[in-house]
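# Structure at a glance
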Amino acid sequence: MTFRLDHAWVWDFWFADDGDTFHMFYLHAPKSLGDPELRHVNDRLVLGSYVELVFLQE
């Protein structure tokens, strides 16, 4: 599975299912930092919650 954002580096994403809602957690940092190595000291943990989780296949 691939997850990406055009404006940010994204890594270490994972899912949790609490029975009613799916939760997606991921680390990201803005690409505007320029140097990819800087992402590790400028990262953020993000949570997205979804009632229906849909997987798209190309």
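Below, the structure is looked at part by part. (Residues numbered from 1 in each chain as written. Predicted model: local features only at pLDDT ≥ 70, side-chain atom pairs only at ≥ 80, totals over all residues. Heavy atoms only, no water.)

Turning our eyes to something else, we now look at the environment of Phe-3. One can find Phe-3 in the segment before strand S1 (8-17). Residue class for Phe-3 comes out partly exposed when judged on its relative accessible area of 25%. Distance from Phe-3 to Phe-13, taken between C-alpha atoms, is 8.2 Å for residues 10 residues apart in sequence. Excluding residues within four positions of it along the chain, Phe-3 makes contact with Val-10, Phe-13, Met-24 and Tyr-26. (Helix = DSSP H or I, 4+ residues; strand = E, 2+ residues; numbered from the N terminus. Buried < 20%, exposed > 50% of the residue type's maximum accessible area, 1.4 Å probe, protein only. Contact = heavy atoms within 4.5 Å.)

Sheet topology places S1 next to strand S2 (residues 22-30); eight bridges connect them, and they run antiparallel. Among the inter-strand pairings, Trp-9 is bridged to a residue of S2, identified as Ala-29. As consecutive antiparallel partners, S1 and S2 are separated by four residues, and within that stretch Gly-19 has a phi angle of approximately 105 degrees, a positive value. Relative to strand S3 (residues 44-50), S2 runs antiparallel, the two being bridged by seven bridges. Residue pairing for S3: Tyr-26 is matched across the bridge by Val-46. (Pairing = 2+ DSSP bridges.)

Quick look at the sheet that holds S2 now. Spatially, three strands are ordered S1-S2-S3 in an open sheet, and the strand pairing comes out antiparallel. Edge positions in the sheet fall to S1 and S3, since each of these pairs with one other strand and no more. Averaged over all pairs of adjacent strands, the angle between strand axes in this sheet comes to 25 degrees, irrespective of strand direction. (Axes fitted to C-alpha atoms, helices over the stretch in contact; angles between N-to-C directions.)

Let's shift gears to the packing of aromatic side chains. Evaluation of the coordinates by the stated rule reveals two aromatic pairs. Judged by centre distance (6.2 Å) and plane angle (90 degrees), the ring pair of Phe-13 and Phe-15 falls under edge-to-face. A ring pair is formed by Trp-14 and Phe-25, whose centres lie 5.8 Å apart and whose planes are at 10 degrees; its orientation type is stacked. With a gap of 11 residues between them, Trp-14 in strand S1 and Phe-25 in strand S2 connect regions that are remote in the sequence. Given the relative accessible area of 39%, Trp-14 is considered partly exposed. (Phe/Tyr/Trp six-rings, centres within 6.5 Å; stacked < 30°, edge-to-face > 60°.)

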